[in-house]
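# Notes for the structure review
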Amino acid sequence: MTAPLPTPESGRHTVAPQSPNHTNTAPSLLLENLSMSFGAKTVLREVNLDVRPGQFVALVGPSGAGKSTLLRLINGSHSPTGGSVTVLGVNPATCGRKNLRKLRTRVGFVFQQFGLVGRLSAMENVLMGTLGSLKMPRYGISTYPRPLREKAVANLERVGLADQRFQRCDTLSGGQQQRVAIARTLMQDARIVLADEPVASLDPSASLSVLNTLKKVSAEDGFTVICSLHQVDLALQVSDRVVAVRDGSLILDTPTPDTSEAAVRAIYEKAKGRTA
Ligand SMILES: Nc1ncnc2c1ncn2[C@@H]1O[C@H](COP(=O)(O)OP(=O)(O)OP(=O)(O)O)[C@@H](O)[C@H]1O
């Protein structure tokens, strides 16, 4: 059953589709009139967005549109020059260092370049996802508490890599490495995962496999995903909702079933036309 859509307020992109089981919960992410400038350059303009728990949002838009900046604002790596970000009920720009550290344990990040330690095994990289919650640094798998080791194996199983757990990460394929990075994020029990072009360096088949893995585990655990992607076909295959940014403005916010590949591709074509 599809949840009814709220009536959009005039002039604002507001709540789009909601996860059917989470219709009355607080948003995972709320952006209100969010603006960002670097010096004289305005990169984001008055962005409004309300994302409910469990949604998989594909963030699309041409190069330079402001997608990574948006993810960095959500993560608290940048402070906005206007408006506000509320993530899991917390404003990362004003919550203070201690609360920001706490918030980041509940916000996972998946990067284009995986962010793994190549000379370490898949298992140890996954265990490193728990370091934020441990008091002491750890050296080697056996120095992690047993329940965490069991959880790491379970998470590697969930992403289809239990058999490769002792393999060095730099000997895994790109798609496998990104699935290790997802398993590492699962160790945090994150409630929201920000993925910045997670499949940009992978071939189409590995890209689909990684995104399907992310979708599967997010559905199992009920966490929210905000995933920037340039591959329009993949964005439409895996997301519940498509949000497009162009020149720093949010220009499309729609349930995925209500849009088409042509409509999303047109956003890129128009940008190309302007710079041609
Ligand atoms: N720290 C910074 N200082 C100055 N300008 C910045 C900074 N970070 C980003 N920008 C500028 O902001 C604009 C948006 O960049 P951003 O990386 O957010 O775009 P994007 O949509 O993620 O692009 P891509 O798809 O190519 O990754 C670009 O013009 C970029 O040069």
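Procedures and definitions
- Residues numbered from 1 in each chain as written.
- Predicted model: local features only at pLDDT ≥ 70, side-chain atom pairs only at ≥ 80, totals over all residues.
- Heavy atoms only, no water.
- Pairing = 2+ DSSP bridges.
- Helix = DSSP H or I, 4+ residues; strand = E, 2+ residues; numbered from the N terminus.
- Axes fitted to C-alpha atoms, helices over the stretch in contact; angles between N-to-C directions.
- Core = buried A, V, L, I, M, F, W, Y, C linked by side-chain atoms within 4.5 Å.
- Buried < 20%, exposed > 50% of the residue type's maximum accessible area, 1.4 Å probe, protein only.
- Domains from an automatic or database assignment.
- Contact = heavy atoms within 4.5 Å.

### Concerning the sheet that holds strand β6 (residues 192-196)
The six strands are arranged β5-β6-β7-β3-β8-β9 in an open sheet whose pairing can be described as mixed. What marks the edges here is a single partner per strand, and that holds for β5 (107-110) and β9 (249-255). On average, adjacent strands in this sheet sit at an angle of 15° to one another, irrespective of strand direction. Note: β6 against strand β7 (residues 224-228), five bridges, orientation parallel. Residue leucine 194 lies in a different strand from β7, and its bridge partner there is isoleucine 226.

### Considering the nonpolar core
The tendency in soluble globular proteins is for nonpolar side chains to be buried as a group. Leu127, Val180 and Leu214 are the most contacted members of the largest nonpolar core, which totals 48 residues. Mapped onto the domain boundaries, this core takes at least three residues apiece from domain 1 (21-106 + 191-276) and domain 2 (115-189). Not counting residues up to four positions away in its chain, the partners in contact with leucine 127 are Ile141, Tyr144, Leu148, Arg149, Ala152 and Met187. The next biggest cluster of nonpolar side chains, apart from the first, holds 30 residues, and it includes Leu31, Val57, Leu73 and Ile192.

### Remarks on the pairing of strand β1 (residues 29-38)
The pairing of β1 with strand β2 (residues 41-51) spans seven bridges and is antiparallel. Bridge pairing in β2 places leucine 34 opposite valine 47. The turn joining β1 and β2, which pair antiparallel and follow one another in sequence, is formed by two residues; a positive phi near 60° is taken by glycine 39. Where β1 and strand β4 (residues 82-87) come together, five bridges link them in antiparallel fashion. Within the sheet, the bridge partner assigned to glutamate 32 lies in β4 and is serine 84.

### Quick look at the sheet that holds β4
Pairing is antiparallel in the open sheet, where three strands are placed in the order β2-β1-β4. The outermost strands of the open sheet, each flanked by one partner alone, are β2 and β4. Recorded for the sheet is a direction-independent mean angle of 25° between the axes of neighbouring strands. Across the sheet, helix α1 (residues 67-75) touches β1, β2 and β4, and the angle it forms with β1 is around 120°.

As far as function goes, none of this settles anything; it's purely spatial.
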